[in-house]
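# Structure assessment
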Amino acid sequence: MDVIKTDIAVIGAGGAGLRAAIAAAIHHPELKITLISKVYPMRSHTVAAEGGAAGVISPDDTLEKHFEDTVAGGDWLCDQDVVDFFVSQTTKELYQLEHWGCPWSRTPEGHVNVRKFGGMKVPRTWFAADKTGFHILHTLYQTSTQFKQIQRLDEHFVIDLLEEDGQIRGLVTYDLQNGIFKTVLAKAVIIATGGAAQAYSFTTNATIVTGDGMALAYRHGVPLRDMEFVQYHPTGLLGCGLLITEGCRGEGAVLVNKDGYRYLQDYGLGPETPLGAPKNKTMELGPRDKLSQAFWHEQQKGRVFETPLGPAVHLDMRHLGEKVLHERLPLICELAQSYAGVDPANAPIPVRPVVHYTMGGIETDIHTATRKPGLYAAGECASVGIHGANRLGSNSLVETLVFGHVAGESAADYALKTDFGNESKLTEDAQAAIQKATSLFEGNGSEFAADIRREMGKTMEEGIGIYRDEKGMQTTIDKLRDLQARYKNIRIQDTLGRVFNYDFIRALELGFTLDVAESIAHSALQRKESRGSHQRLEPEYQKRDDENYLKHSLAYYRENDIPNIEYSQVKITHYPPAQRLYGEQAEKSK
Amino acid sequence: MENKKKKFKILRYRPETDDAPHYETYEVSYRHETSILDALNEIRDTQAPDLSYRSSCRMAVCGSCAMMINGVPHLACKTFVRDYEKVDIITLEPLENFPIERDLVCDISDMVEKIERVKPYIIPIDKAKPLTEDFVQSPRQLEKYRQFAQCINCGCCYAACPQYKLNKEFIGPAALTLLYRYNHDNRDAGTPQRLEILNQDSGAWGCTMVGYCSDVCPKLVDPTSAIQLGKGASAFDYIKHFFKKNK
């Protein structure tokens, strides 16, 4: 078996992984960094982010305002010391990308421009048309190529971490191209593998977003924190679920029900704003959780369009005119035309809420360190504490930059003062992990991954959706247990070769996603209150309950059993919990 | 799905068991919205679990699923079965001009190496600029390179390129486009270093301006015009050096 020795192994080469690798390379140039991803870096799901990235630059903006929007947006489940640090770093990171060549959209004077975004008081969203994630990812990828100490293992799928005496010391990976396994012995490991939205059937997320890294850490004893908070983005394209960016609403697009009525005014987000004059934190620029919940209510009232592709409302931006649409939202025009046959200049786009983001993830401290020495996590896979119960749009791209940077430096510092450990023992453990994974090739089972995957996505949508109740969640929990049992009896059908064996990978991915799905369902069942994206239907749980639940949930993995759910304190420094207000209610409270 | 059906002829190859590629035929139902990628997923999930192909974003931005569709390089996620109503069968093959790995998966590492060879990063014009300031770049200056920064590295242009087919040393459309993109970014001072790459026989002069790369580009990047503009810069550079030498 091939053994690679490296100082820092980074799993995932999206925004956070690339930023971490670059930060480590600059921080300690003598270190060897191995960047491992199951896809080429430019295929990572960061590429699909559209709207933008938040950084305070407007004259009327302040770090405190960004802090307040983020904490209130997260329904006070954010760690305020971490948010403080985060907002202090985002603008610097965005300027760094400016210096690295990111083609930010400009003001007529040639300076970086910002646009309005949901839940933000002031325009602070940097954007590169509506392809911000694409440009950030390519800028980072291209920038990373100048650091020769970063060695990439593209199209390598990590099957397990290596651990010795409670310390993470490497990983085992399957090399798709060569059909072989490699052991990577590393002094520090950074997980930057993104979210887990593929646990759901209707999602904006790419098919690669299967929660691999979350499950790797979870299985090694690191709790997954706040997993019940799953973001439904209010505007997914009907049918395929592709993301129609919040940037549309930032530019002035409006949401109407089947009566042509701007229904958001009925849900604490009004009054209605004039067409073409979007207002911060009002109507269409409310936060994502509130907008998705409003859709759910409209559906209950029978006020949505019923179409062959399911229920929908209309996102109307005809009034923006062709010129603005093509300049500011070119990708949206292209997607709407290709995938829905709609030209947004002439017709509204049919949309509905769609699973978009996992607020929770691998528990880390402010330095991105997990409880396991040697293991770090950054980006969507991590829960560093900034999103709370609902993430604000344009905070996630900057999260990958700010905490990817921190992770790279933290891991580099750690790698300098540690060694490789007991190499022969670790290599033996790697062999055992390979044995376990390749037992799938023996082909004794009778269950097919595709069936289990489909049923998992369906039951998650049904039980752990925008609104939840105990009965529905319990049904999903029971179903997931059943799927876990069936998964043990899984059979891959492509057993004759190992080169680019996606049947094998997809079976392993499904195992990861199932574990993460269970952590989501159980964390949700235990939270008997409504907060942010977690809304309960039972009358007694419909309000936020700070007395009992101003706490992070922690899901601990138990082999062959349901997760154990515990809680930890939320760090409140100077912004005490208050009511979340939007629209004119927010104005009045001032 | 509706009752309309379509046949697919798909190139199959598993290096461990097959001496040579062969074709297999499948049939799937489709509706108006069904992309070639959706059809492939359906074939994999119901008929051919051992069928390998790359895919990820489903929205034509990650560049994974480029392949030959009836002999033309396309993204499978942005090509629709409905557009092949008039043909009896849709043939899917891995991208041309790259070595085949397995089924529809080819080895794109040569293209990736070339993309990384052109110094695709800012070589700063002002190293001392603090991280509290941007560069002034007017919308017009942005426009000079913006289109050429839209490449998703899918490889369609390499599959289309007759020069790359003949001569694998040719650095190719996507890499030359990226080179041009950085050379025309006013934040960058790396043009002299990149001109060395551009001026080589394997650089812009390897292109014979057939223009097929631009025809097939799913993001309308138009590598042909980037290369043409690059040739202009290269020629100017040559003349400049010629005069310097003769002074």
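Predicted model, so just to flag it, every value in this text is computed and none were measured.

With that settled, consider the overall build of chain A. Looking only at helices and strands, chain A has 16 helices and 22 strands in total. Taken over C-alpha atoms, the radius of gyration comes to 23 Å for chain A, in line with the 25 Å a tight globule of 590 residues would show. Projecting the C-alpha coordinates of chain A onto the three principal axes gives extents of approximately 70 × 55 × 50 Å. Expressed as a percentage of its 590 residues, the buried residues of chain A come to 69%. Pairs at least 24 apart in sequence give 75% of the contacts found in chain A among residues at least 6 apart. For chain A, the exposed area adds up to about 18,600 Å²; of that, 47% sits on carbon and sulfur atoms. Taking the 63 positively charged and 77 negatively charged side chains of chain A as two groups, their mean positions are separated by 2 Å.

Across the boundary between the two partners, chain A contributes 62 residues, which contact 64 residues of chain B. Here chain A meets chain B over a buried area of about 5,300 Å², counting both sides, of which 52% is carbon and sulfur. Looking at the side of chain A facing chain B, the largest losses of area belong to Arg43(A), His99(A) and Tyr339(A), adding up to 14% of the total buried there. Scanning the region where chain A abuts chain B turns up seven salt bridges. The partner of Glu116(B) in a salt bridge is Arg152(A), with the nearest N and O atoms 2.8 Å apart. On inspection of chain A and its partner chain B, the count reaches 36 residue pairs in polar contact (both at pLDDT 80 or more). Mapped by element, the contributors of at least two residues to the side of chain A that touches chain B are helix H3 (80–99), helix H4 (132–144), helix H9 (330–340) and helix H14 (502–526) of chain A. Looking at which element gives the most residues to the side of chain A that touches chain B, the answer is H4(A), with six residues.

This part takes up the sheet that holds strand S4 (residues 72–75) of chain B. All names here are of chain B. Strand order in the open sheet formed by five strands is S2-S1-S5-S3-S4, and the pairing between neighbours is mixed. The sheet terminates laterally at strand S2 (22–29) and S4, the two strands that pair on one side only. Averaged over all pairs of adjacent strands, the angle between strand axes in this sheet comes to 35 degrees, irrespective of strand direction. Taken together, the eight bridges between strand S1 (residues 5–12) and S2 define a ladder with antiparallel strand orientation.

As a further point, take the environment of Thr125(A). Residues and elements named next belong to chain A. With respect to the helices and strands, Thr125 occurs in strand S5 (residues 125–126). Judged by its relative accessible area of 0%, Thr125 is buried. Along the primary structure Thr125 and Ile57 are separated by 68 residues, whereas in three dimensions their C-alpha atoms are 9.3 Å apart.

Further remarks concern the domain arrangement of chain B. Residues and elements named next belong to chain B. The domain architecture assigned to chain B consists of domain 1 (4–106) and domain 2 (109–245). Measuring from the centre of the C-alpha atoms in domain 1 to the corresponding centre in domain 2 gives 31 Å. With 16 residues of domain 1 at the contact, the number on the domain 2 side is 16 residues. Summing both sides of the interface, domain 1 and domain 2 together bury roughly 1,200 Å²; the carbon and sulfur share of this comes to 58%. Looking at the side of domain 1 facing domain 2, the largest losses of area belong to Pro73, Asn97 and Phe98, adding up to 48% of the total buried there. Taken together, the links from domain 1 to domain 2 amount to five residue pairs in polar contact (both at pLDDT 80 or more). The set of elements that each furnish at least two residues to the side of domain 1 that touches domain 2 consists of strand S3 (66–69) and S4.

Let's shift gears to the side chain of Arg43(A). In this fold, Arg43(A) is placed in the loop between strand S2 (33–36) and strand S3 (53–54). No salt bridge is formed by the buried Arg43(A); the nearest opposite charge belongs to Glu155(A), separated by 6.6 Å. Apart from the residues lying within four places of it in its own chain, the contact partners of Arg43(A) are Ile208(A), Ser56(B), Cys62(B), Gly63(B), Ser64(B), Ile108(B), Ile152(B), Asn153(B) and Cys154(B).

This part takes up the pattern of salt bridges. Residues and elements named next belong to chain A. Taken as a whole, this structure holds 69 salt bridges over all chains when the rule is applied. The residue Glu587 makes a salt bridge to Lys279 at a minimum N-O spacing of 3.8 Å. Of the two residues, Glu587 is situated in helix H16 (residues 583–589) and Lys279 in the loop between strand S12 (254–256) and helix H7 (288–300); the sequence distance between them amounts to 308 residues. On the basis of relative accessible area, Lys279 is assigned to the partly exposed category, the value being 39%. Two residues, Asp429 and Lys425, come together in a salt bridge whose shortest N-O distance is 3.0 Å.

All names here are of chain A. With the rule as written, the count across this model stands at 22 aromatic pairs over all chains. Geometrically, the ring pair formed by Phe85 and Phe403 is tilted, given 6.0 Å between the ring centres and 55 degrees between the ring planes. Of this pair, Phe85 sits in helix H3 while Phe403 is found in helix H10 (residues 396–416), placing the two residues 318 residues apart along the sequence. A relative accessible area of 26% means that Phe85 is categorised as partly exposed.

Let's shift gears to the packing of helix H13 (residues 470–488) of chain A against H14(A). Each pair of packed helices can be summarised by the angle the axes make with each other and by the distance between the axes. Residue and element names in this part refer to chain A. The N-to-C vectors of H13 and H14 enclose an angle of 155 degrees; their axes lie 10 Å apart at closest approach. Taken together, the axes of H13 and H14 are roughly antiparallel relative to one another. Judged by the twist between their axes, the crossing of H13 over H14 is left-handed. From H13, Glu470, Met473, Gln474, Ile477, Leu480, Arg481, Leu483, Gln484 and Tyr487 reach across to H14, where they touch Ala507, Leu508, Leu510, Gly511, Leu514, Asp515, Ala517, Glu518, Ala521, His522, Ala524 and Leu525.

Turning to the sheet that holds strand S10 (residues 224–225) of chain A, a few remarks are in order. The pairing of strands in a sheet happens through backbone hydrogen bonds and is either parallel or antiparallel. All names here are of chain A. The sheet built from five strands is open, its strands ordered S18-S16-S10-S21-S22 with mixed pairing. Two strands in the sheet have a free side with no partner beyond their single neighbour: strand S18 (382–383) and strand S22 (564–569). When S10 meets strand S21 (residues 551–556), the two strands line up antiparallel, connected through two bridges. Note on S21: the bridge partner recorded for Leu224 is Ala555.

Let us now look at helix H1 (residues 36–46) of chain B. Along H1(B), the residues that are buried comprise Ile36(B), Leu37(B), Ala39(B), Leu40(B), Asn41(B), Ile43(B) and Arg44(B). Buried residues in H1(B) make contact with H14 of chain A together with S1, S2, S3 and strand S5 (89–93) of chain B.

Excluding glycine, residues mostly have negative phi values, and the peptide bonds linking residues are mostly trans. Residues and elements named next belong to chain A. The peptide bond linking Gly270 to Pro271 adopts the cis configuration, its omega dihedral lying at 10 degrees. In this fold, Pro271 is placed in the loop between S12 and H7. Unusually for a residue other than glycine, Thr368 sits at a positive phi of about 70 degrees. Note that Thr368 resides in the loop between strand S16 (361–363) and strand S17 (375–377).

On to a nonpolar patch on the surface, then. The grouping of Tyr238(B), Ile239(B), Phe242(B) and Phe243(B) at the surface amounts to a nonpolar patch, some 470 Å² of accessible area in total. With respect to the secondary-structure elements, Tyr238(B) resides in helix H9 (residues 223–246).

Analysis parameters
Residues numbered from 1 in each chain as written. Chains lettered and ligands numbered in written order. Predicted model: local features only at pLDDT ≥ 70, side-chain atom pairs only at ≥ 80, totals over all residues. Heavy atoms only, no water. Helix = DSSP H or I, 4+ residues; strand = E, 2+ residues; numbered from the N terminus. Rg over C-alpha atoms; globule rule 2.2 N^0.38 Å. Buried < 20%, exposed > 50% of the residue type's maximum accessible area, 1.4 Å probe, protein only. Contact = heavy atoms within 4.5 Å. Areas by Shrake-Rupley, 256 points an atom, 1.4 Å probe, with all protein chains shown as cover. Lys, Arg positive; Asp, Glu negative; His and termini not counted. Charge placed at Lys NZ, Arg CZ, Asp CG, Glu CD. Buried area = accessible area lost by both parts, 1.4 Å probe. Salt bridge = Lys/Arg side-chain N within 4 Å of Asp/Glu carboxyl O. Polar contact = N/O pair within 3.5 Å; in protein donor to acceptor, adjacent residues only side chain to side chain. Pairing = 2+ DSSP bridges. Axes fitted to C-alpha atoms, helices over the stretch in contact; angles between N-to-C directions. Domains from an automatic or database assignment. Phe/Tyr/Trp six-rings, centres within 6.5 Å; stacked < 30°, edge-to-face > 60°. Parallel < 35°, antiparallel > 145°, perpendicular 65-115°, else oblique. Left-handed = near helix turned anticlockwise from the far one by under 90°. Patch = residues over 30% accessible without salt bridge, like charges linked within 9 Å, V, L, I, M, F, W, Y side chains within 5 Å.

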